Amino acid sequence: MNAPLVATALAPAKLNTTLRVLGRRADGFHELDTSMVCIGPCDVVEARLRPAPPRPAHDLVVRLALEGSAATDDVRAAPQNLAERAARAYVEALERRTGLCVDFALELDLVKNVPSRAGLGGASSDAAAALLVVRDLVLVHSGQVLAWADCLDELAELGSDTVFFAAARFTGRGRATGRGERVEVLSRTGVERERGRFALVVPDVGCSTPSVYAAFALGSGPAAVGALAASSFANDLVDAARAVEPVLDEWFEALGPRFDLSGSGSALFARATDADDAAELVDQARRAAERLGRTPRWCGVTTECGHGVRLVRAPRRSSGGRP
Ligand SMILES: C[C@@](CO)(OP(=O)(O)O)[C@H](O)COP(=O)(O)OP(=O)(O)OC[C@H]1O[C@@H](n2ccc(N)nc2=O)[C@H](O)[C@@H]1O
Ligand SMILES: Nc1ncnc2c1ncn2[C@@H]1O[C@H](COP(=O)(O)OP(=O)(O)O)[C@@H](O)[C@H]1O
């Protein structure tokens, strides 16, 4: 049977509701303690597995197609998309562990809806979603699968935030430590049971994560880390992000004290108390953008989605070409 197997996964965005930088490590990474929640905006990864002549895993053919409003130049220019890297990493690891016969090629259609360079974790989530969906396709095709703990290890090799989206796949909440790869999954309990509702603004500039950490490292000794931790922001990277993208100063001033930065930026968000409060915060953000003469990439209400990466269509045979 030559019909491709097809499956689809969602890759949600995240917000860092708190982010403490505890220090810089010898390997150049920073030790973190951060709480993350997955929110509404999602990328979509559709993957197809087609039978092909056997070849070594490192020669696996992966075709990636990008579409969607957030498939911007920086995403297209990335030397290797993180979704593609995750798919390759998974197949190579499975070949190493099980001697898998790689008698297939992969096609990934990635619909980008999550703005990039925003601190929303789009690339990391895409990597986790691609691994999830390819894992299921290969399982159905070959009957072989990598243990979930090994999948998390493979993801940790690709980035610091990638593990969160996979580990917290059933709740969409977690606390990450280490460089971000040690994830304690959080569930909804007590007053935290209700899904968070946020006003979210993604400015028309993006922030480079490595540049923000480099600015943080330049400006920080242990004393500065302590001083930042005592600041009114829940995110220790705020000053570094402002140093990298000074236009964020204008946004912070225009939006007022309830807005904070997600991750290394540039997305700004405020937790709303209820639906009316959320609508008011978004109005406030729209008025701020008008005053600044800037058009945000995204501005609206978003809620916790309650899951990390998630399979929305299990593997099935497609009738041939693109479904
Ligand atoms: C800041 C955070 C907060 O959740 O998210 P984003 O704003 O990028 O979404 C993360 O720490 C970003 O994680 P991620 O985007 O996976 O970063 P990585 O690819 O692992 O690393 C990119 C670069 O950032 C720096 N880096 C990253 C993580 C960390 N704990 N310390 C660091 O110093 C390193 O210079 C590294 O080379
Ligand atoms: N699947 C992907 N989606 C978005 N960006 C990607 C992807 N793969 C690689 N990249 C590269 O990673 C950079 C940071 O992406 P992103 O995760 O959106 O930002 P952030 O770290 O701020 O959350 C992009 O500018 C792009 O160069």
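Residues numbered from 1 in each chain as written. Chains lettered and ligands numbered in written order. Predicted model: local features only at pLDDT ≥ 70, side-chain atom pairs only at ≥ 80, totals over all residues. Heavy atoms only, no water.

Attention now moves to the site of ligand 1. By nearness alone, 19 residues border ligand 1, and His30, Ser160, Thr209, Tyr213 and Ser264 come closest of all. Contact distances for ligand 1 include 2.7 Å between an oxygen atom and a side-chain N or O atom of serine 264. Bound to the protein, ligand 1 loses 82% of the 690 Å² it would expose on its own. Listed by contribution, the elements that provide at least two residues to the shell around ligand 1 are strand 1 (5–24), strand 2 (30–51) and helix 6 (209–219). Considered class by class, the residues forming the shell around ligand 1 number 5 nonpolar, 11 polar and 3 charged. Here the shell around ligand 1 spans two domains, since at least three of its residues come from each of domain 1 (5–187 + 306–317) and domain 2 (197–303). (Near = heavy atom within 4 Å. Polar contact = N/O pair within 3.5 Å; in protein donor to acceptor, adjacent residues only side chain to side chain. Areas by Shrake-Rupley, 256 points an atom, 1.4 Å probe, with all protein chains shown as cover. Helix = DSSP H or I, 4+ residues; strand = E, 2+ residues; numbered from the N terminus. Nonpolar A, V, L, I, M, F, W, Y, C, P; charged D, E, K, R; others polar. Domains from an automatic or database assignment.)

Here we come to the packing of aromatic side chains. All chains considered together, the criterion is met by 2 aromatic pairs. With centroids separated by 5.9 Å and ring planes inclined at 75 degrees, the aromatic side chains of phenylalanine 198 and phenylalanine 269 adopt a geometry described as edge-to-face. A residue pair is termed long-range when its members are at least 10 positions apart, and phenylalanine 198 in strand 7 (residues 197–202) and phenylalanine 269 in strand 9 (residues 268–271) qualify at 71 residues. The residues phenylalanine 198 and phenylalanine 269 share a single accessibility class, namely buried. Of note, arginine 169 hangs over the ring of tryptophan 148, and the distance from its end group to the ring centre comes to 3.9 Å. Arginine 179 extends its terminal NZ or CZ atom over the ring of phenylalanine 29, reaching a point 5.3 Å from the ring centre. (Phe/Tyr/Trp six-rings, centres within 6.5 Å; stacked < 30°, edge-to-face > 60°. Buried < 20%, exposed > 50% of the residue type's maximum accessible area, 1.4 Å probe, protein only. Lys NZ or Arg CZ within 6 Å of the ring centre and 35° of its normal.)

A separate point is the site of ligand 2. Inspection of the region around ligand 2 gives 18 residues, with Asp74, Asn81, Gly119, Gly121 and Asp126 positioned closest. Contact distances for ligand 2 include 2.6 Å between an oxygen atom and a side-chain N or O atom of aspartate 74. The contact in question runs from a nitrogen atom of ligand 2 to an N or O atom on the side chain of aspartate 126, over 2.8 Å. Coverage of ligand 2 by the protein amounts to 82% of the 550 Å² it exposes when considered alone. Elements with a minimum of two residues in the shell around ligand 2: helix 1 (73–77) and helix 3 (122–142). Among the elements that take part in the shell around ligand 2, helix 3 stands out by supplying 3 residues, more than any other. Its residues assigned to classes, the shell around ligand 2 comprises 7 nonpolar, 7 polar and 4 charged.

Right, let's talk about the pairing of strand 9 for a bit. One ladder, built from 4 bridges, connects strand 7 with strand 9; its direction is antiparallel. What sits directly across from valine 201, in strand 9, is leucine 268. Between strand 8 (residues 260–261) and the antiparallel strand that follows it, strand 9, lie 6 residues; glycine 263 among them carries a positive phi value of about 55 degrees. (Pairing = 2+ DSSP bridges.)

On to helix 10 (residues 275–292), then. End to end, helix 10 covers 26 Å across 18 residues, agreeing with the expected 26 Å (1.5 Å per residue, within 8%). Elements in contact with the buried residues of helix 10: strand 7, helix 9 (247–255), strand 9 and strand 10 (298–303). Two or three places before aspartate 276, at the opening of helix 10, aspartate 274 has a side-chain oxygen 3.2 Å from that residue's backbone nitrogen. Glycine 293, located one to two residues past helix 10, shows a positive phi value of around 70 degrees. (Expected span 1.5 Å × (residues − 1). Contact = heavy atoms within 4.5 Å.)

For the rest of this paragraph, the subject is the UniProt feature "binding site: ATP" (unreviewed entry) in the chain. According to UniProt, the "binding site: ATP" (unreviewed entry) feature falls on Pro115, Ser116, Arg117, Ala118, Gly119, Leu120, Gly121, Gly122, Ala123, Ser124 and Ser125. With respect to the helices and strands, the residue serine 116 is situated in the loop between strand 4 (104–111) and helix 3. Relative accessible area serves as the criterion here: at 13%, serine 116 is assigned to the buried category. Once residues lying within four places of it in the same chain are set aside, the contact partners of serine 116 are Thr72, Asp74, Val75 and Arg297. At 2.7 Å, the side chain of serine 116 forms a polar contact with the side chain of aspartate 74. (UniProt positions renumbered as here; feature names shortened; annotations may be inferred.)

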